Structure formats: structure tokens, C-alpha cells
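# Reading the structure
One letter stands for each residue in the lines below.
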Amino acid sequence: MQGVVILAAASVFASVVPVWAQKPTPLSDLLAEAARNNPDIAAARHAWRAATHVRKQVTTLPNPKFTLQDFSVGGAKPWSGFNTSNFAYVGFGVSQKLPFPGKLRLKGEAADRAAGVQHAEMGATQAAVADEIKADYFRLAYLQQMIALFEDSRRTLGQLAKSELYRYQTGAGDQADVLKAQLERTKLVRELTLRHEEVAQTEADLKRLLRRPQESPDIVAAPLTAGKLRYSSRELLAFARKQNPEVQVDATKVLKGDADVRSAERSGKPDFSVGYMFERTGDRYPAYYMLTFNVIFQRRQRTRAAVEEAEELATSSRYRLEAQIQQQQAQVQEQYAVAAGTAEQAKEYRQGLIPQAEATYKAMLADYESNQRQLDWVLTSFNNLLEIKREYARALFDHQAAIASLETLTGVKLR
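Notes on the structure follow. (Residues numbered from 1 in each chain as written. Predicted model: local features only at pLDDT ≥ 70, side-chain atom pairs only at ≥ 80, totals over all residues. Heavy atoms only, no water.)

The next thing to look at is a negative patch on the surface. On the surface, a cluster of negative charge is contributed by Glu265, Glu308, Glu311 and Glu312. It is helix H9 (residues 300-369) that contributes the most residues to the negative patch, three residues altogether. Mapped onto the elements, glutamate 311 comes out in helix H9. A relative accessible area of 35% places glutamate 311 in the partly exposed class. (Patch = residues over 30% accessible without salt bridge, like charges linked within 9 Å, V, L, I, M, F, W, Y side chains within 5 Å. Areas by Shrake-Rupley, 256 points an atom, 1.4 Å probe, with all protein chains shown as cover. Salt bridge = Lys/Arg side-chain N within 4 Å of Asp/Glu carboxyl O. Lys, Arg positive; Asp, Glu negative; His and termini not counted. Charge placed at Lys NZ, Arg CZ, Asp CG, Glu CD. Helix = DSSP H or I, 4+ residues; strand = E, 2+ residues; numbered from the N terminus. Buried < 20%, exposed > 50% of the residue type's maximum accessible area, 1.4 Å probe, protein only.)

Next up, the structure:
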């Protein structure tokens, strides 16, 4: 009877992979759902769409001006003197302002660049939301794995406590050892409570990002694994320089700054206006026809200040871009080191430390069953194995979190 209990206790550490009643939801499904439903992404998308309508506004000619005039002679009332004086008339006219050639085109280019900035910012928002979802997803997988491990460990300690109680009742055990097993089990209960609280917090954040009701069914994550990196550090750095979302935002701002400079320089050119007026007098007098052409000169001081402002902002954008590239590439190096290091750690745990710890634990159980070891030895080996498997799960989590961060930093899929 006692041997069956001990063997059952030994078997619970065969795997740390949790078995959940609900089928895991693939991460790709959550990312696609967030792209459709996340309010931050939707807001950024509409901001970009709004920016695409600016070009038509700034490249369209200014509004035409229509004029109706009544010039009275001999009295304040309208039409006074219309048939008695050749000075009285009713006039109809139209005028149009004509910007210097190229001004509207350059304004349109600047508007296109501004829309490009909004589009890049939408991409950065999507990447940021995806990064949050990945972080929550892998944390959820880690917590679910830890809960499964703690649940199995709690059952194991319960069986050990029962076995030691049986030994005590038959005179072969010690009551203090029974208490030790029960205290270890209580510690695990506390750990389980904390992990369940963290799961609830992570689930709430995931549902917020997915715009799901908080009372909707909980999400189950796929088990954590470790894999090889598909690209070298040098390749990832090149990807970050070209495809990093934040770098792309700053790169589009540089293009917008250059377009603003060209538009500001052209704004110093004069504008024109053309007008036509038809004036009708009485039937006894001839009508008047008037064509006007105006040249509108720009204040040089204002134009020079606008150009200098645009140039300074363009220079600032270029420096920001260079700083952003340096920052993102530094993060790539850091996360690459974490991903590579944790992959090696996970391999060492999986192939070396865990099998050795399991063998030691089973040997201690066998000695305990044959009364060659005290329960302290079993509990020590049990806690060592539990700690190693906790560290193994943590290494898997850190590895997946680093891969997720690299995907955000480089804009490429690494899984």
C-alpha cells in the first residue's frame, strides 16, 4: 500500500506541460483579432485615413470670389440714377487667386508625407499592441504551466504526508515529519493562490487589448517551448534599421521635413489674382467691362523665417532618426543575447539538470520506502526538483518574451 503511494508521488514530475480542458488559442488568432478590434489600432487607422484627405484640400485652388455691386447716383436707395446717370450701374464680377506655379504641388507632397507619418504611426501602434498581447500571452502560458506544476506538487506532498502519517501510526515515523510535509504543501497552496491572481490580471489585460467583455471565457495559451533563432545578430540589426516601426515613423518624419522645406522655399514666390467685372448702366448708356490682374508679393522676412523653421525641424528629424536607430539596435542586441542565453539554459535544464534531479528524487523515494532515508531527504530532493522545473519554465518564458521583443524591434516573424 505504501509503495503504491510513493510510486504515484514519483510519477507526477514526468512533465511540466499543463493539460487544460480547453483547447489552447493560437497566438496568431489573438493578433488577428486585435488588429480588427483593438480601439487604439482603430483610432490610429482613422487618423491615417483622415490625413489622406488633406492633399485634396491643399492642392485645390483657393475659393473663387463672386461679386454683386450696385452703384447709385442721386440717392441712397438701390438703383437710384440708373436711367439718369451714366455713373450708376449694377455690376457682376468674379475673381480667382492663383498661387505661384508649383506651390500647390509642393503642399500636396507635404500633405502626402504627413499622411505617411500617420500611416507609420498606425504601424507602430499595431506593433505596440501586438507586443503587449505577446507579452501577456507568454506570461499566461508561463503561469498556467506553473499552476499545473504546483497542482501536481501539492498532490505529491499530500501523498507524502499521508504516507508519513501511516508510518507514524505504525510506529515507524515521526510526527514532526508529518508536520513538515503538511507545511510544504501549505506553501504550495499559497503559491497557487498568487499564481491564480496573476492569471486573472493577465486575462483581464488580454481581454482589454482584444476588446472582449471581461466576463467572456478565459484564454488558454499554448505550452512554452524553446527554439533556434532564424537570423543572426547582424541580420536582425539590419532588419531593425529598415523595418523597426519606430524607426519607420522617424524616417517618414524626415521625408515630411524635407517636403516642408521645399514648400516653405516656394512660398516666397508671389501669388496672382485675376478678376472680371461686368457693369450695366441704363439702356441709354453703354455697359462697362473690366479685367484686373494682381500680383501679391510675399513678405521676405516672413518667408525667410518660415524656411528657417522648416530647415531646423528637418534637421531635428534627422537627428531623431539616427538616435532612434541606435536605440532600437541596442535593444536588438540585448534581446538577442537574452534569447540565445535562455535557449541554452532551457536546453541544459531539459537535457541535464531535470533528468538528474528526477533520478535523485526517485532514489530518495526508494530509500524512504525501504526505511533507509528520513522524510527530510525526500523533501529536500523534492524541493530541488521543483525549483529546477520552476527555473526551466522561467527560462522558457524569458526566451519567448525575448523572441517577441525581437519581432517587434525588427518587424520580421521569428517563429
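Turning our attention to helix H8 (residues 245-266). Along its 22 residues, H8 runs 32 Å from first to last C-alpha, staying within 8% of the 32 Å computed at 1.5 Å per residue. Along H8, the residues that are buried comprise Pro245, Val247, Val249, Asp250, Thr252, Val254, Gly257, Ala259, Val261, Ser263 and Ala264. (Expected span 1.5 Å × (residues − 1).)

Think of a sheet as strands paired side by side through backbone hydrogen bonds, with each pair either parallel or antiparallel. Strand order in the open sheet made by the four strands is E1-E2-E3-E4, with antiparallel pairing throughout. The outermost strands of the open sheet, each flanked by one partner alone, are strand E1 (65-71) and strand E4 (288-296). Each neighbouring strand pair of the sheet contributes to a mean axis angle of 15°, computed without reference to strand direction. Where strand E3 (residues 271-280) meets E4, nine bridges bridge the pair, whose relative direction is antiparallel. In the sheet register, valine 274 faces E4, and the bridge partner there is phenylalanine 293. (Pairing = 2+ DSSP bridges. Axes fitted to C-alpha atoms, helices over the stretch in contact; angles between N-to-C directions.)

Right, let's get into the pattern of salt bridges. What the rule picks out here adds up to 17 salt bridges. Between arginine 208 and glutamate 132 there is a salt bridge, with the nearest N and O atoms lying 3.4 Å from each other. Here the residue arginine 208 occupies a position in helix H6 (residues 175-210), and glutamate 132 occupies one in helix H5 (residues 103-169), the gap between them amounting to 76 residues. For aspartate 218, the salt bridge is made with lysine 207, and the minimal N-O distance between the two is 2.9 Å. With a gap of 11 residues between them, aspartate 218 in the loop between H6 and helix H7 (233-243) and lysine 207 in helix H6 connect regions that are remote in the sequence. Here the residues in one salt-bridge network are Arg139, Glu191, Arg195, Glu198 and Arg390, joined through shared partners.

Counting residues in hydrophobic clusters, the biggest one holds 45 residues, and the most contacted among them are Ile133, Phe138, Tyr142 and Leu224. For this core, the secondary-structure elements that each account for two or more residues are helix H2 (27-37), H5, H6, H9 and helix H10 (375-410). For this core, the leading source of residues is H5, giving 13 residues. The residues touching leucine 224, leaving out its near neighbours within four places in the chain, are Phe138, Ala141, Tyr142, Gln145, Ala393, Leu396, Phe397 and Gln400. Among the nonpolar cores identified, the runner-up in size contains 10 residues, and Leu236, Ile403, Val412 and Leu414 belong to it. (Core = buried A, V, L, I, M, F, W, Y, C linked by side-chain atoms within 4.5 Å. Contact = heavy atoms within 4.5 Å.)

This next bit is on the packing of H7 against H8. Direction vectors running N to C along H7 and H8 enclose 40°, while the axes themselves pass 6 Å from each other. Here H7 is positioned oblique relative to H8, judged by the angle of their axes. In contact with Ala240, Arg241, Lys242 and Gln243 of H7, H8 contributes Pro245, Val247 and Gln248. Residue composition of the contact of H7 with H8, by class: three nonpolar, two polar and two charged. (Parallel < 35°, antiparallel > 145°, perpendicular 65-115°, else oblique. Nonpolar A, V, L, I, M, F, W, Y, C, P; charged D, E, K, R; others polar.)

Bringing the environment of leucine 210 into the picture now. With respect to the element layout, leucine 210 can be found in helix H6. Between the C-alpha atoms of leucine 210 and leucine 31, which are 179 residues apart in sequence, the distance is 8.5 Å. Not counting residues up to four positions away in its chain, the partners in contact with leucine 210 are Leu30, Glu33, Ala34, Asn37, Ile133 and Ile219.

Attention now goes to the side chain of lysine 103. By the element assignment, lysine 103 lies in helix H5. Judged by its relative accessible area of 8%, lysine 103 falls in the buried class. Side-chain polar atoms of lysine 103 contact the backbone oxygen of serine 267, separated by 3.2 Å. Sequence-distant contacts of lysine 103, that is, excluding residues within four places in its chain, are made with Arg266, Ser267, Lys269, Pro270, Asp271 and Gln298. (Polar contact = N/O pair within 3.5 Å; in protein donor to acceptor, adjacent residues only side chain to side chain.)

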